[in-house]
Amino acid sequence: MTINTTKFLLFLFCLILPSLGHNLLSCETTSSDASGYCCNTPTGSSDRCRTFLVLSTNSYFSSLSNLSFYLGFNRFLIAKANGFSVDTEFLPKDEPLLIPIECKCNGSFYQAELTKTTLKGESFYSIAQSLQGLTTCKAIKEKNFGVSPLNLADNAKLLVPLRCACPSSSLTTPRFLLSYPVREGDTISNVAVKFNTTSQAIVSANNRSLADFKPEKLQPFSTLLIPLNSEPAIGPLVKPREPDSRFREGSKPVINPHKKKLKMWMVGIYIAVTGVVVGASIAIIAAFLIIQLKKKKQMDSSKEGDPELQQLSLSVRTTSEKKVSFEGSQDTLESQIVETTPRKILVEKFTVEELRKATEDFSSSNLVDGTVYHGRLNGKSLAVKRTKPEIISKIELWLFQNSTQKHPNILRPLGVCTSDDSDSLLVFEFAKNGSLKDWLHGGLAMKNQFIHSCYCFLTWDQRLKICLDVAVALQYMHQVMNPSYVHRNLKSRNIFLDEEFNAKIGNFGMAKCAEDEAEDPELNSSNPATWNLGYLAPEYIHQSSVSTSMDIYAFGVVLLEVLSGKTAITRPDEKREESIWLSEQIKTILLSENADQELRDWMDNALGGNYPFDSAFALANLAKSCVDEDPCLRPNAGKIVQKLSTLVVELSQAGDHLLISESSSKPLVKAAYE
């Protein structure tokens, strides 16, 4: 009995110290298992296969947008594998997801490679942790030779190999070997029940591939291969009624009553020992907390008696760190700086000298559009916008609270610069391919950054994907954020394209600044092509009514720009005296007797007919519903995402990826800036 008790205590000690299970993730590990599952044995194994892995949603990857943008997974395949709608955005924490993958043998190990978009400050080890052990620091190092494993840059591209394996070609083997990351408390038997298989089958599948596999001692942040004869179905994982007969271990054994009593007695001993250990642990933690609480009270009392120390504790700690803390509930920049509440975001505080140097003293050659300049600081591209000092205090920077709330389709601010001059400066992440307006109508960025003779345009599949990205961002603002957030200034000029032509909505968090644009000289310009009025919903123009429906109206106008290549309002010419509004023109076209031909004639000439007409017709009808006079008749963002997702899937399934102009896939940034 003493020996059994000792074994149990050692087992309990391993559970209390889960960090021991992280050894395989370490960059310094010497285990061959860290690189993946061997594919050179047994003979006859497939060199590639379609399979699955399980990834539970966590603070890093809590939505389909994050999974698709930061990890490069196909959101449509994930939705199909898990049986939910493709427009589902945010998922409950710790929700197990099935991820379809393509597993290949690289000569020594099976791996499924993905291209991860990094966040500033990440490390190879933290990435392995966020992926719950489906990869390791060592495996990432092997794929990214020469890249420092610590303090990664923002938006860098990193090859990440995921652990997977393919079954042998034998007919008696399972069809799939699913990669399952071990969680705290998992055992071979309970994992077998989850997946309707047997312990013996799991042990057999893993013994062939892992040199150090110990089925009696599963470690969190390691992986198991789960043999399956059909595609898995989870959501969340449910216990089946009985195991798969294909892997059944035999008839039900006869239980010896004496052994049963002995087993129950041993269980009682284990429970008692567990109670003692847990009780002792609680007592130690309680004592530690009491000591810390006493120390804190002593420190607080000493601060109350020292006015200078009290003042020091309230001062901003950003003099040397060059960081400023902003709180969204404050109205002025000064009050935001000293506010230190849990809802805060650290935004970098730049100096005028830094930004002058970054933009070459705001050289006209770096002017992107309006008052926005391209800059480069510490090897990173920035967008620097001149603005009035009072605008800074109106920006709701609290909306960008932390990295887990970063949406891949929303352009985020990086910092501010306030000065005694008339202008202050806002710094944003830089979109290498400019704005949607540049591509559809030609902007200053297009003229400055590209060769004038270059004929550049967005192809149909690029346009459709851009529209979906914008709709997903609107769905986040309108249906995920609580309370709902109304952008109020959506237009092609505020939709930006990164190097891969992913769309990001700009001016997010600047709804309070939208009224300032009403005084913008562009609004009353003699050139109607620049009028912002064309994006404004009728209820806002006539009654100043603000709702999510006004964003939907503006989005409908953007859809019409994407379809036609025309501006929201077209200037009068010799043939007509009045301006033409796209929102009115589409209604006339779709209600005409010869709607098909009129729509073809109205489409953007740059496409040259190189697009599926059925898809264009569906998009035109969606745009028409978005710009309906009655706000109640406009679709919400979720329905728009669903319809656009269907169009994207249909285009992908049809294999109708239209030709992409060589120039259309190049960023607008000059080579000198690379």
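Provided above is the structure to which this section pertains.
Caption draft 1: Broad picture of empty space enclosed by the protein. Evaluation of the coordinates by the stated rule reveals two cavities of 30 Å³ or more. One number sums up the size of the second largest cavity: a volume of about 40 Å³. Lining the second largest cavity are Ala-34, Ser-35, Gly-36, Tyr-110, Gln-111, Thr-135, Thr-136, Ala-139, Pro-161, Leu-162 and Arg-163. Taken together, the elements giving at least two residues each to the lining of the second largest cavity come down to β4 (109-117) and β5 (157-163). Sort the elements by how many residues they give to the lining of the second largest cavity and β5 lands first, with three residues. Here the lining of the second largest cavity is composed, by residue class, of five nonpolar, five polar and one charged.

Caption draft 2: Seen up close, the state of the cysteines. Following the criterion strictly, the structure yields three disulfides and no others. Between Cys-49 and Cys-166 runs a disulfide, and the two sulfur atoms are separated by 2.1 Å. Torsion about the S-S bond of the Cys-49 and Cys-166 cystine: about -90 degrees, corresponding to left-handed handedness. Pair noted here: Cys-49 is in strand β2 (residues 48-56) and Cys-166 is in the loop between β5 and β6 (176-181), with a separation of 117 residues, a long-range link. We note that Cys-49, like Cys-166, is buried. Sulfur-sulfur distance for the disulfide between Cys-103 and Cys-164 comes to 2.0 Å. When the S-S torsion is 85 degrees, as for the bridge of Cys-103 with Cys-164, the disulfide is right-handed. Placement of Cys-103 in strand β3 (residues 96-105) and of Cys-164 in the loop between β5 and β6 is noted, with a sequence separation of 61 residues between them. The residues Cys-103 and Cys-164 share a single accessibility class, namely buried.

Caption draft 3: Quick peek at the packing of aromatic side chains. Applying the stated criterion to the full structure yields eight aromatic pairs. Seen in terms of ring centroids, Phe-613 and Phe-617 are 6.0 Å apart; in terms of plane orientation they differ by 40 degrees. Their pairing is tilted. Of this pair, Phe-613 and Phe-617 both sit in helix α20 (residues 613-626), four residues apart, roughly one helical turn. Cation over ring: Arg-163 sits above Tyr-37, and NZ or CZ is 4.9 Å from the ring centre. The ring of Phe-362 is capped by Arg-386, whose NZ or CZ atom sits 4.0 Å from the centre of that ring.

The rules behind each value
- Residues numbered from 1 in each chain as written.
- Predicted model: local features only at pLDDT ≥ 70, side-chain atom pairs only at ≥ 80, totals over all residues.
- Heavy atoms only, no water.
- 1 Å grid on protein atoms, 1.4 Å probe; cavity = no way out; pocket = protein on both sides within 12 Å on 5 of 7 lines; lining within 4 Å.
- Points joined across faces, edges and corners; volume = space filled by probe spheres on them.
- Helix = DSSP H or I, 4+ residues; strand = E, 2+ residues; numbered from the N terminus.
- Nonpolar A, V, L, I, M, F, W, Y, C, P; charged D, E, K, R; others polar.
- Disulfide = S-S within 2.5 Å.
- Buried < 20%, exposed > 50% of the residue type's maximum accessible area, 1.4 Å probe, protein only.
- Phe/Tyr/Trp six-rings, centres within 6.5 Å; stacked < 30°, edge-to-face > 60°.
- Lys NZ or Arg CZ within 6 Å of the ring centre and 35° of its normal.

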